[in-house]
Amino acid sequence: MTQSIDIPPGTLDLLILRTLALRPAHGVGVADRIRVVSGGAFAAGPGSIFPALRRLEDSGYIRGRWGESENKRRARYYEITPEGQKQLEEKKRHWLQILAAVSSVLDQEA
Amino acid sequence: MSRLFHRIAHGARLQFRRERAEEDLREEIEACVDILADRKLAEGLDAAEARRQARMELEGPEQLKERVRDARAGATLDSILQDLRYAFRTLRRSPGLSAVAILTLALGIGLNTAIFGVLYAVVLEPLPYHQPERLALLWSSFEKLGTARAPMSGTLLKEILERSSALEGAGAIWVGTGTFTGDANPEQVKVASVTTNFLSLLGIQPQLGRLFTEEEAAGGRPAIVLSDALWRRRFAADPAIIGKGVAFSGRNLTVVGVLPPDFRLHFPADSNVPADVPAFTPFPNAIFKGPRTLYYLRVLVRMKPGVSPQDAQRDLDRVALEIRGAYTEFSAEKLTFHAIPMQGDAVREIRPVLTVLFAGSTLVIVVVCINVVNLLLARAGQRGKEMALRASLGASSSRIVRQLVTEGLVLCTAGFLGGIALGGLALRWFASTRPDQLARYRTATLDWQMLAYAGGISLAAALLFGLAPALEALKTNLVERLRDTRGGARSAAYGKLRAALITCEVSLGFLLLIAAGLLLQTLFHLRQERAGMDARNVLTFEVDLPGRQYPNDAARAAVVKRWEARLADLPGVSAVGGVSHLPLDDYPNWYGPYRLEGAEQNAGAALLADQRAITPGYFQAMGTRLLEGRHFEPLDQAQSRLVSIVDETLARAAWPGRGAVGQKINVERWQNGAFVPVWTEVVGVVEHIRHHGLATQLRGQVYLPYEQSSRPHLSYAVRAPGDPAHLAAAVRAELHKLDPDLALSKVRPMQAYIDKARAPADLTAKLAAVFALFTLLLTALGVHGVIDYSVSRRMPEMGIRMALGASHADVRKLVFREGLQPAVFGVALGMAASLAGAKWLASLTYGVSPFDPATYATAFTVVAITALIGCWRPARKAAGANPAEIIRNE
């Protein structure tokens, strides 16, 4: 198993939005998917996922509604809103810019 | 009504939403636990263990909920409201502590804000003129004068204007009196003689008409500019007044302008230019051609743009050098000039007073804060378990800090509201005392600067109040605190912090006590010291003798003598006298050179004395003691031998060890509208009258008989038993019979002048005493709080000590030692501070050394007693410990 690393500050929202853009999920599902998709690199526990979900919901980027889980459990599912979609695009572009900038500096160094 | 309904509905909706959100959160987390538990079950764990591990993975559902609440944007408001509700509950739970905290805060903030308000309005706010930073007052200085602040002669001013390159312009002013006549109601007012550019130099605009022009200078078109107040009172705010003629002191002047309502002159008191001058008129004579050594002009200059006061001073030093080179007498007198920025000069007398008061009230607010922090720390000690419980229930540390800061904010908001209410009252009282030095401070309003200031200190205090206990609350180990029933290991740290606070408090209290002690003694000295007169039972008033009715010296002398006789005949009057310059009055001083027999005839080397023209009854009316020789008599007439009376200061300086009576002295007398030097024979010596201030003995005094030196400006003093105010009506009626055109002004008891001169010392001493008492009370409270807390925690120890044979006295001693130790440190610190500040305080004291040992001893005793009082009850409590009971309880 890959060594898990801390999620860089400010990127958790981006990861959650990206996850929910694919399909709606409940809190535990979001955490699972971030772990799986990042190859186990990012371990976002429920302790950080839940506050982030509520914050995103309060900002209107995602919407929560009660549904039924795979195991016929009641669970709160979140889906991305059009504003959330826009926010995701923006954050993604911003992140890629940072990435490009940081990489070019690092490359120059080498 | 509908609005109220709407608001209730809105509130209910909010509450409903909040509850729904909370319910949602609970369910969602429960659901998560279920989902995770399902997985654990699938991995083969039993049901109970699966749920336990699921909960652990969520890092504790309660803590998680708290974190979610913290994170939610909309929740901030919720939790603030929650904090507020909680804070109110906490404060209500200990009403005594809260009341003491809020009350002392309100007092501290109120005092400090009020004094800041006055300081701001009087000292800090820029003067209400155009580019006031370019305005300066110009003083001349001679070696012999003993003051660096002498007025200017016209010739000197002309020389300066011709030679200086730093000045854009210079104007001069001299304030005397004049009388409006021409109707049934003659009125004597102060009138400023000014150069025609004086008012425009200030950069003000008239509300009606215009200011003076060049054509109105020296003997040109006669013109007058009125103040708003005079225009409203005497001319019924007639907008058509411009261009009309008014009869004024025997001349017919054209009103050319009316000044704006808020116009005031902001000159220092020693310039004899009062703030409210009702009328301005150009100098009737060509001032630039006057005698070189007639120093009477108060000079205002406007520096060129970009020229700093230091630049101007350097330029004036050069000018003075040139002038000393050109005139031998100025060279002999070591003439120099001083340009003092107007803003600072206007408040030079009151600034030290206000600064000391502001420093004092700042110390008070610091002590208040220390005390409140102390109280809160004591409570935080008791609340340690509460905090630990909240932390273990999932409150983040930032949340706990916020809670404590909210409590501080609630306290300080209450203190702030109480403070501005008290501050407003204090200001109203301040404005009602209206000391002259606070001319700039006339309105008892709380303006935004003061509100901002009060808000700033309240906020700072709130942060302090919240953070001090919070730091303590967070520093310590949670588990240990929950286990410990009393607060255990933390008590030592608390004790040290609080002892340090007591030390601060005591040192500040000691400092304030020293200041109050010195200032009260100053006031006492000012009250005790003889001002060279007995002001009780003396009524004074001023008359103006217009040149038209009283064209020459003889005519003036004749009516003055007649009036004096009539006034002396009034029932109850025991003495009446006239004087050209009443002591402690703001009429420009009359002083001039004097020479003694045998001294060489060199004007530059002349000595200076204050001069007054008096009538024979003056000294008896004022209660001034005759030390040698005789008073003036009716026989000292214009044509008879010229005589003079000198004061003890001059007599000692001029003829040390010899009798003054019979000596010859050369002084300038007023004759036919000019100063004429004459030889006079000294016939008497009187005690020194403090003309310039109760604490100042500036220079010697020479008195001439009014018959021989009849200055047109005259004040009367009338002595009669009982309240002098009762005499006023009779005096007015009598003089009106003699001359219906004669205007009386400033009809007031001599005591009023004394009170006014004493007002700043009075104010500082009284406020300093209030500050000191307040601080002492706080110190006693503070010591009591700390020691009481420590004793109640150490009761078992006391019990054990007594079980092992310690006596009640031993235990009491133990407690007193604990309380007195920080107090002793505090006194030492306070003493160091007050010794360091002594020089500064010395400018405000009179008749007492700033190192006065008696004051220090008293302050030490009072502080020690205060600390003892603070320890008293805890010591008794400790001595009353019942060993058996305490040990049983452990």
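Residues numbered from 1 in each chain as written. Chains lettered and ligands numbered in written order. Predicted model: local features only at pLDDT ≥ 70, side-chain atom pairs only at ≥ 80, totals over all residues. Heavy atoms only, no water.

(A) Structural context of the overall build of chain B. Tallying secondary structure elements over chain B gives 27 helices and 21 strands in all. Excluding contacts between residues fewer than 6 apart, the proportion of contacts in chain B whose partners are at least 24 apart in sequence is 80%. For chain B, the exposed area adds up to about 39100 Å²; of that, 60% sits on carbon and sulfur atoms. (Helix = DSSP H or I, 4+ residues; strand = E, 2+ residues; numbered from the N terminus. Contact = heavy atoms within 4.5 Å. Areas by Shrake-Rupley, 256 points an atom, 1.4 Å probe, with all protein chains shown as cover.)

(B) Region of the structure containing the pattern of salt bridges. Residues and elements named next belong to chain B. Evaluated as defined, the whole model comprises 53 salt bridges over all chains. A salt bridge links Glu529 to Arg690, with the shortest nitrogen-to-oxygen separation between them at 3.2 Å. Residue Glu529 is found in the loop between α17 (490-528) and β11 (538-544), and its partner Arg690 is found in the loop between β18 (674-686) and β19 (701-705); the two are separated by 161 residues along the sequence. A relative accessible area of 33% means that Glu529 is categorised as partly exposed. (Salt bridge = Lys/Arg side-chain N within 4 Å of Asp/Glu carboxyl O. Buried < 20%, exposed > 50% of the residue type's maximum accessible area, 1.4 Å probe, protein only.)

(C) Here's a closer look at the pairing of strand β6 (residues 245-248) of chain B. Residues and elements named next belong to chain B. With burial as the criterion, only one face of β6 is covered, namely that bearing Val246 and Phe248; the residues Gly245 and Ala247 on the opposite face remain uncovered. Pairing geometry for β6 and strand β7 (residues 251-258), over 4 bridges, is antiparallel. By the bridge assignment, Phe248 is partnered in β7 with Arg251. (Pairing = 2+ DSSP bridges.)

(D) Looking closely at a nonpolar patch on the surface. Residues and elements named next belong to chain B. Together, Leu103, Leu107, Leu422 and Leu425 line one region of the surface with nonpolar side chains, adding up to about 360 Å² of accessible area. Only α5 (95-124) and α14 (397-433) provide two or more residues apiece to the nonpolar patch. Looking at where Leu425 falls in the secondary structure, it is placed in helix α14. (Patch = residues over 30% accessible without salt bridge, like charges linked within 9 Å, V, L, I, M, F, W, Y side chains within 5 Å.)

(E) Region of the structure containing the interface of chain B and chain A. Contact with chain B, which involves 22 residues of that partner, is made by 19 residues of chain A. When chain B packs against chain A, the two sides together hide about 1900 Å² of surface, and 58% of this comes from carbon and sulfur. Taken together, the links from chain B to chain A amount to 4 salt bridges. A salt bridge links Arg76 of chain A to Glu28 of chain B, with the nearest nitrogen and oxygen atoms 3.8 Å apart. Broken down by secondary-structure element, the contributors of at least two residues to the side of chain B that touches chain A are α1 (2-42) and α3 (61-71) of chain B. Classifying every residue of the side of chain B that touches chain A by side-chain character gives 11 nonpolar, 1 polar and 10 charged. (Buried area = accessible area lost by both parts, 1.4 Å probe. Nonpolar A, V, L, I, M, F, W, Y, C, P; charged D, E, K, R; others polar.)

(F) Helix α2 (residues 27-37) of chain A, seen in detail. Residues and elements named next belong to chain A. Burial runs high along α2: 8 of the 11 residues are buried. When α2 is considered as a whole, its buried residues turn out to be Gly27, Val28, Gly29, Val30, Ala31, Asp32, Arg33 and Ile34. At the exit of α2 stands Gly39, carrying a positive phi of roughly 65 degrees.

(G) Structural context of the sheet that holds strand β3 (residues 74-80) of chain A. Residues and elements named next belong to chain A. Across the sheet, which stays open at both edges, the 3 strands sit in the order β1-β3-β2 with antiparallel pairing between neighbours. For this open sheet the edge positions go to β1 (25-26) and β2 (62-68), each flanked by a neighbour on one side alone. When β1 meets β3, the two strands line up antiparallel, connected through 2 bridges. The residue bridging His26 from the neighbouring strand is Tyr77, located in β3.

(H) Just the nonpolar core, in detail. Residues and elements named next belong to chain B. Grouped together as the largest cluster of nonpolar side chains are 119 residues, with contacts concentrated most on Phe465 and Tyr703. Among the elements that make up this core, the one with the highest residue count is helix α22 (residues 750-793) (17 residues). Counting residues in each nonpolar core, the second largest holds 34 residues, with Ala136, Ala150, Leu297 and Ala320 among its members. (Core = buried A, V, L, I, M, F, W, Y, C linked by side-chain atoms within 4.5 Å.)

(I) Region of interest: the environment of Gly722 of chain B. Within the element layout of this structure, Gly722 of chain B appears in the loop between β20 (713-719) and α21 (728-738). Along the primary structure Gly722 of chain B and Asn537 of chain B are separated by 185 residues, whereas in three dimensions their C-alpha atoms are 6.0 Å apart.

(J) Spatial organisation of the confidence of the model for chain B. All names here are of chain B. For chain B, the average pLDDT comes to 83, and 88% of its residues sit at 70 or higher. Within chain B, strand β16 (residues 643-647) carries the highest mean pLDDT (95), whereas helix α16 (residues 478-483) carries the lowest (53). Ignoring residues within four places in sequence, the model shows residues 485-489, a span with pLDDT below 50, making 5 contacts including any to other chains. (pLDDT = per-residue confidence, 0-100.)

(K) Layout of the confidence of the model for chain A. When pLDDT is averaged across chain A, the result is 81; 90% of the residues are at 70 or more. Across chain A, the element-wise mean pLDDT spans from 81 in helix α3 (residues 46-58) of chain A up to 87 in helix α1 (residues 12-22) of chain A.

(L) Examining helix α9 (residues 309-326) of chain B more closely. All names here are of chain B. Counted at 1.5 Å a residue, the expected span for α9 with its 18 residues is 26 Å, and the 25 Å between its end C-alpha atoms agrees. Those residues of α9 lying buried are Ala312, Gln313, Asp315, Leu316, Val319, Ala320 and Ile323. Along α9, the residues classed as buried sweep out an arc of 160 degrees about the axis, all on the same side. Structural note: α9 exposes Gln310, Arg314, Leu321 and Gly325 on the side pointing more than 90 degrees away from its buried face. Those residues of α9 that are buried are in contact with β1 (135-141), α6 (154-163), β9 (298-303), α10 (328-332) and β10 (336-341). (Expected span 1.5 Å × (residues − 1). Arc of directions from axis to C-beta.)

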